[in-house]
Amino acid sequence: MESNSPPLLRIIDLHKSFNVPVLTGIDIDIHAGEVHALMGANGAGKSTLCNIVAGFLPASAGQLLLAGEPYAPESVNAAEQEGVRLVMQELNLIGNLSVAENISLRNLPNRFGFIKKSVLHRQAEQALALVGLQAIDPDTPLNQLGVGQQQLVEIAATITKPCRLLILDEPTAALTDPQIDRLFEQLKQLKAAGTAIIYISHRMAEIQRIADRITVMRDGKSVATTDAHATSVAEIVQHMTGETQGRHADYTRRVTGPLALRVVGLSRAPLLQAIDLAIYRGEILGIAGLIGSGRTELLRALFGADGARAGDEGYLQLGEAGPRLVFTSPSEAIAAGLGLIPEDRKQQGLLLSDSIAGNISLANLGAVSNRWGWLQTSREERAAESYRQQLAIKCKAVSQPVAQLSGGNQQKVVISRWLFRDREILLFDEPTRGIDMHTKQRIYQLLHELALQGKAIVMVSSETSELTTLCDRIAVISNGAISALFERGEWTPEKLLAAAFKGYSERPSAAELN
Amino acid sequence: MSSLRRFIPWEYLGLASVLAALVLLFSLLSNHFFSALTFVTLANQIPALTVIAVGMTLVLVIAGIDLSVGSVMALSGAVLGLALADWQLPLLLAIPLCLLVGCVCGYVNGFISAYWTIPSFIVSLGMLEIARGGAYLVTDSQTKYLGGSVEAIGAPLPGLGLSPALLLAVACVIAGQVLLSKTVFGRYLIAIGTNEEAVRLSGIKLLPIKVSVFVLSGLMAGLGGLFHVAYLESADPNAGIGLELSAIAAVVIGGTSLAGGRGSVVNTFLGVLIIAVLQTGLAQVGASEPTKRVITGAVIVAAVVLDVYRHRATGWRGWLQKILRQKKPAVAE
């Protein structure tokens with residue numbers, strides 16, 4: 001990439017405000033044939049910037065030049081006609097339609113309104129092959145695919161169309177490592193063909209693998225653009241937070257306490273098979289495994305989230321000599337001392353239109369009401385205010401709707417709910433998914449402190465580095481069964497990965513594997 | 001100024017001003033409209049619709065719907081007629097029986113839809129037919145004349161001009177609003193309407209809450225039956241045909257979302273009043289029945305469209321401020 005060739009997209013002093021200013025001066029040049037990473041804390045304005053470039057939102061002030069021409073797309077269609085395409089962070093697909101129909105949705109091949117199935121299939125097969133999903137039948141209803149595969153379908157649908165500038169907003173949040181490798185191959189080909197790629201991610205390792213240049217955004221401004229290969233993680237974090245950050249905190253100095261929960265022979269059709277686990281107070285137990293391996297199902301089974309079904313086996317014990325328990329509803333599990341921070345915070349965790357205070361108190365309204373069931377909102381606000389300070393939730397007031405918060409702050413609200421309910425065994429499903437590095441560190445610190453207080457913590461994560469930094473032990477689940485259990489010091493990334501694949505070679509897979 | 005502002009009920013102001021505008025409009029159009037007689041007549045017509053709309057508000061807040069209220073009202077009224085006329089029960093026994101019929105119908109709606117997760121639209125549609133058929137069976141398809149035994153509930157109190165039914169209905173409005181906005185139960189209703197799965201995963205048992213809401217709706221339909229019988233002094237098995245739609249219209253005019261998660265009982269009451277004033281006013285200015293229906297329908301749609309705009313801004317207050325601001329010359333930024 002020659003620095004004196006004119007940039008494909010030039011962003012000049014771009015501003016955007018809704019009721020409050022969100023972007024306050026963005027200057028970035030994006031060149032053809034480069035992967036340009038955008039980094040920044042949640043709420044820095046990355047997604048807003050992308051939405052403006054892709055025609056979802058108009059800018060308030062400033063200018064965009066596309067190949068030297070003024071560019072102000074009035075709609076998504078206008079942007080796509082210029083060859084600017086965005087793959088959004090949130091899935092944008094229709095679950096009941098087939099994979100093929102989703103891929104060609106905006107332009108279904110038809111004759112007189114009747115769909116031409118053969119053409120539709122051909123298009124879908126080509127697109128799926130690009131992202132390594134050739135094993136999937138294009139007629140499969142989309143909602144039968146895992147989240148990671150759906151994400152790939154969305155990417156496939158976008159990159160098969162002509163594209164000068166491709167914007168990917170957290171494309172790998174739900175992908176496994178092999179899927180990511182496959183995606184990066186495709187991005188390299190697009191790059192070689194001259195496509196400019198804007199790549200948003202919080203994962204440093206990926207950025208360093210794929211990006212040519214990095215622009216860091218902070219509080220609505222572009223603060224630095226650097227060469228990706230000559231920039232250290234510390235420098236980026238420094239740009240993102242505007243402060244020099246100390247070394248990683250030490251999350252290992254903990255003493256494991258007595259047994260909190262024993263899982264004995266837990267089986268749940270169709271996936272979980274004879275799970276045995278012991279969870280101790282004062283420890284963080286990591287659950288590693290591929291997407292679809294049964295990690296989420298395990299947490300949900302512990303929590304009674306899917307109710308009782310025929311063929312369920314196994315039981316739980318609280319402590320060494322506790323009675324045998326099977327939870328058939330979340331309310332039973334909570335009464336016994338469990339709490340679940342679910343994988344999908346918007347669908348399963350939050351009341352988006354409700355306030356921060358209302359979300360925090362939801363699982364514990366008894367504590368903010370009198371014995372007649374009368375709400376005492378001042379108590380509720382005081383509780384919310386204390387968690388706002390304790391977890392540094394960024395907001396105008398605790399009466400603000402959570403829909404207006406960034407992902408990281410929303411996650412802090414969900415965690416606050418369980419801190420307020422004060423449960424002893426906390427199950428975290430992907431607690432840092434889609435959350436910026438700075439907030440991630442805060443959440444790690446918080447989990448560490450909770451373990452120090454003697455809580456038993458189970459944490460599912462797709463990020464191996466997160467588990468190895470934080471956990472005392474890591475159980476690997478593979479194809480619905482525990483394939484390995486490592487103590488701190490015993491694991492290596494290679495061993496963890498090998499264990500994650502182990503179950504699929506030993507017995508036929510229940511979930512497809514790509 | 002700011003302390004004064006806090007006492008202005010902004011959330012009710014929008015609908016209250018629409019209501020005031022309608023009253024003013026009809027007063028200008030008709031010489032007879034703005035009179036004590038009109039208002040007393042009007043006030044004594046609305047208790048049944050009011051209480052049913054209160055129950056409907058709670059059902060809509062949890063993203064459910066109860067289509068059976070009109071029929072349940074007729075069935076409850078029919079049982080009341082049966083108890084008073086045929087069984088010769090005293091009023092103090094007959095009234096609880098009438099309310100119980102409503103509660104049972106509501107319980108069936110709520111339990112079936114919540115336990116088997118069947119949409120309440122379907123279950124209550126079935127109940128609409130069942131209860132209507134029941135009303136015909138109970139009364140032998142005849143209107144039962146009851147005369148003076150129930151008259152006291154619907155007749156205006158001397159000196160006040162308002163009936164006990166109206167006072168009770170207003171009490172239900174206040175109680176409903178308090179329940180929804182001040183209690184744990186009300187908070188659960190709004191939470192369920194917003195994100196049922198999040199509520200369940202927070203350890204809240206959905207079944208008893210949902211069933212209670214439908215029982216309340218049934219109870220309100222039973223109370224509506226009592227008011228209706230008292231007003232007509234007879235039990236009519238054809239009572240309340242299409243009333244569920246009027247109730248939903250009132251709730252929706254009041255800004256409660258059909259998608260659940262938000263609602264106001266007081267605004268529902270303002271919705272009832274707007275419909276009632278519109279009906280009476282149009283009749284007085286000589287509008288034909290078909291014309292009345294066309295205009296009422298248009299008002300319902302207009303109210304919902306306005307509500308969409310209201311929620312894009314920040315409540316009525318922001319909406320009004322926005323309108324006022326637009327009249328000023330634009331300030332260059």
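Summary of the structure given here.

How each quantity is defined
Residues numbered from 1 in each chain as written. Chains lettered and ligands numbered in written order. Predicted model: local features only at pLDDT ≥ 70, side-chain atom pairs only at ≥ 80, totals over all residues. Helix = DSSP H or I, 4+ residues; strand = E, 2+ residues; numbered from the N terminus. Rg over C-alpha atoms; globule rule 2.2 N^0.38 Å. Buried ≥ 20, exposed ≤ 12 C-beta atoms within 10 Å, placed from the backbone. Contact = placed C-beta atoms within 7 Å. Nonpolar A, V, L, I, M, F, W, Y, C, P; charged D, E, K, R; others polar. Pairing = 2+ DSSP bridges. Axes fitted to C-alpha atoms, helices over the stretch in contact; angles between N-to-C directions. Expected span 1.5 Å × (residues − 1). Core = buried A, V, L, I, M, F, W, Y, C linked by C-beta atoms within 7 Å. Parallel < 35°, antiparallel > 145°, perpendicular 65-115°, else oblique. Left-handed = near helix turned anticlockwise from the far one by under 90°.

Of regular secondary structure, chain A possesses 17 helices and 22 strands. For chain A, whose C-alpha radius of gyration is 24 Å, the value lies close to the compact-globule estimate of 24 Å for 514 residues. Seen through its principal axes, chain A has C-alpha atoms that stretch 75 × 55 × 50 Å. For chain A, the residues scored as buried account for 48% of the 514 residues in total. Long-range contacts, defined here as pairs at least 24 residues apart, represent 69% of the contacts in chain A between residues at least 6 apart.

A few words now on the overall build of chain B. Of the regular secondary structure elements, chain B holds 16 helices and two strands. Relative to a compact globule of 333 residues, whose C-alpha radius of gyration would be 20 Å, chain B shows 21 Å and is just as compact. Dimensions of chain B along its principal axes, counting C-alpha atoms only, are 80 × 60 × 40 Å. Out of the 333 residues belonging to chain B, those deemed buried represent 48%.

The next thing to look at is the interface of chain B and chain A. With 17 residues of chain B in contact, the opposing surface of chain A contributes 21 residues. Looking at the side of chain B that touches chain A, the elements that each hand over two or more residues are α10 (184-194) and α11 (196-201) of chain B. Among the residues forming the side of chain B that touches chain A, the class breakdown is six nonpolar, six polar and five charged.

A word on the sheet that holds strand β13 (residues 259-268) of chain A. Residues and elements named next belong to chain A. Strand order in the open sheet formed by four strands is β14-β13-β16-β17, and the pairing between neighbours is antiparallel. The open sheet has two free edges, formed respectively by β14 (272-280) and β17 (324-325), since each of these has just one partner strand. Examined bridge by bridge, β13 and β14 share six bridges and lie antiparallel to one another. Residue L259 lies in a different strand from β14, and its bridge partner there is Y280.

Right, let's get into the sheet that holds strand β12 (residues 221-227) of chain A. All names here are of chain A. If you walk across this open sheet you meet the six strands as β6-β9-β10-β3-β11-β12, and the pairing is mixed. Each edge of the open sheet is held by one strand with a lone partner, namely β6 (84-87) and β12. When the angles between neighbouring strand axes are averaged without regard to direction, this sheet yields 20 degrees. Its contacts with the sheet place helix α5 (residues 147-159) against β6 and β9 (165-169), and it is angled at close to 175 degrees to β6. Packing of helix α6 (residues 177-192) onto the sheet brings it into contact with β3 (35-39), β9 and β10 (196-200), and relative to β10 it is tilted by some 145 degrees.

Now for helix α14 (residues 265-284) of chain B. Residues and elements named next belong to chain B. With 20 residues, α14 extends 29 Å from end C-alpha to end C-alpha; this agrees with the ideal 28 Å at 1.5 Å per step. The element α14 is extensively covered by neighbouring structure, given that 16 of its 20 residues are classed as buried. Note on α14: the residue one or two positions beyond its end, G286, has a positive phi of about 90 degrees.

Our focus in this paragraph is the pairing of β3(A). Residues and elements named next belong to chain A. Burial runs high along β3: five of the five residues are buried. By the alternation rule, side chains of β3 split into V35, A37 and M39 and H36 and L38, which are all buried. Looking at chain direction, β3 and β10 are connected through four bridges and run parallel. Across the sheet, A37 pairs through a bridge with Y199, a residue of β10. Pairing of β3 with strand β11 (residues 213-218), which is carried by four bridges, proceeds in the parallel orientation. Following the sheet pairing, A37 is matched in β11 by I214.

Now for unusual backbone geometry. Peptide bonds are trans in most cases, and residues, glycine excluded, mostly fall at negative phi. A cis geometry characterises the amide bond from A269(A) onward to P270(A), with omega recorded as 0 degrees. Positionally, P270(A) belongs in the loop between β13 and β14. Of note in the backbone geometry, A63(B) takes a positive phi value of approximately 65 degrees without being a glycine. Along the chain, A63(B) falls in the loop between α4 (47-61) and α5 (69-86). When the 18 C-beta atoms within 10 Å are taken as the criterion, A63(B) is described as partly exposed. Of note in the backbone geometry, D140(B) takes a positive phi value of approximately 55 degrees without being a glycine. Note that D140(B) resides in the loop between α7 (120-139) and β1 (144-145).

A156(A), I167(A), L427(A), I457(A), I52(B), L75(B) and A247(B) are the most contacted members of the largest nonpolar core, which totals 244 residues. The greatest single-element share of this core, amounting to 14 residues, is contributed by helix α12 (residues 206-232) of chain B. In contact with A247(B), not counting residues within four places along its chain, are L49(B), I52(B), A53(B), M56(B) and V69(B).

Turning our attention to the environment of I112(B). Residues and elements named next belong to chain B. Topologically, I112 is positioned in helix α6 (residues 91-115). The exposure class of I112 is partly exposed, given the 19 C-beta atoms found within 10 Å. Taking the C-alpha atoms as reference points, I112 and L80, 32 residues apart in sequence, are found 26 Å from one another. Apart from the residues lying within four places of it in its own chain, the contact partners of I112 are I118 and V123.

This next bit is on the packing of helix α13 (residues 243-253) of chain B against α14(B). Residues and elements named next belong to chain B. Look at α13 against α14: their axes get within 7 Å of each other, and the N-to-C directions meet at 120 degrees. When the axes of α13 and α14 are compared, the pair comes out oblique. Relative to α14, the crossing made by α13 is right-handed. Of α14, the residues touching α13 (which contributes S246, A249, A250, V251 and I253) are T268, G271, V272, I274 and I275. Partitioned by chemical class, the residues of the contact of α13 with α14 number seven nonpolar, three polar and no charged.

None of this, on its own, says anything about what the molecule does.
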